[in-house]
Amino acid sequence: MICSEKICDTESRLRHRMFWENRSTGVPLVYAVSDNPGFIPAPWRTSLPRKEWDLLPDWHLNRIGNFLEGTCFFGDAMPMASLMVGLDITNTAVLAGGDYDYSCTGDFIDFKSGDLDLAQPVPDFTPDHPLAIDLKQCY
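Attention in this report is confined to the structure presented alongside it.

Each turn of an α-helix holds 3.6 residues, which means side chains three or four residues apart point in the same direction. The end-to-end C-alpha distance of helix H1 (residues 9–20), which contains 12 residues, comes to 17 Å, matching closely the 16 Å that a straight helix rising 1.5 Å per residue would cover. Restricting attention to buried positions, one finds in H1 the residues Asp9, Ser12, Arg15 and Met18. Phi turns positive one or two residues past the end of H1, at Asn22, with a value near 60°.

Following this line, the structure appears as structure tokens:
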């Protein structure tokens, strides 16, 4: 795994902390990443439609593993990954009663017409919403 402890881990963590406190150590916080040369991603194969991948823990593990193994983290960049559902723009809409699907290529999403009304206030979050329950299983 290319991810390893930073040589100047303590200083980097301090620069991150100071950045979030709107302060500075006098040295800029540098986020630099590049592709890991020669890395070959682990394939993902399934006959399931693209939308169903969003709630499959194994797909998330594959995608995140490929990202972490396939990325070199330089400067103050810390290895991190997150779940990606609906290209990261659908969660609020789904929690508010909307629905989405992927284009035939899987590169774009479309919101389906239905119960989503963007003129209405965003409803309160509830941990028993089906999306929240499904996503919790992926974590």
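Additional details are given in the paragraphs that follow.
What follows is about helix H5 (residues 130–138). Restricting attention to buried positions, one finds in H5 the residues Leu131, Ala132, Leu135 and Cys138. Projected onto a plane normal to the axis of H5, the buried residues spread over an arc of 110° and lie on a single side. For H5, the exposed residues lying more than 90 degrees away from the buried face are Pro130, Lys136 and Gln137. Looking at the buried residues of H5, the elements they touch are helix H3 (57–69) and helix H4 (91–95).

Within this structure, the stated rule accounts for five aromatic pairs. Judged by centre distance (6.0 Å) and plane angle (70°), the ring pair of Tyr100 and Tyr102 falls under edge-to-face. Take Tyr100 and Tyr102: they sit in the same class, and that class is buried. Positioned above the aromatic ring of Trp59, the side-chain terminus of Arg50 is 4.6 Å from the ring centre. Taking the ring centre of Tyr100 as reference, the NZ or CZ of Lys51 above it sits at 4.8 Å.

Rules of the game
Residues numbered from 1 in each chain as written. Predicted model: local features only at pLDDT ≥ 70, side-chain atom pairs only at ≥ 80, totals over all residues. Heavy atoms only, no water. Helix = DSSP H or I, 4+ residues; strand = E, 2+ residues; numbered from the N terminus. Expected span 1.5 Å × (residues − 1). Buried < 20%, exposed > 50% of the residue type's maximum accessible area, 1.4 Å probe, protein only. Arc of directions from axis to C-beta. Contact = heavy atoms within 4.5 Å. Phe/Tyr/Trp six-rings, centres within 6.5 Å; stacked < 30°, edge-to-face > 60°. Lys NZ or Arg CZ within 6 Å of the ring centre and 35° of its normal.

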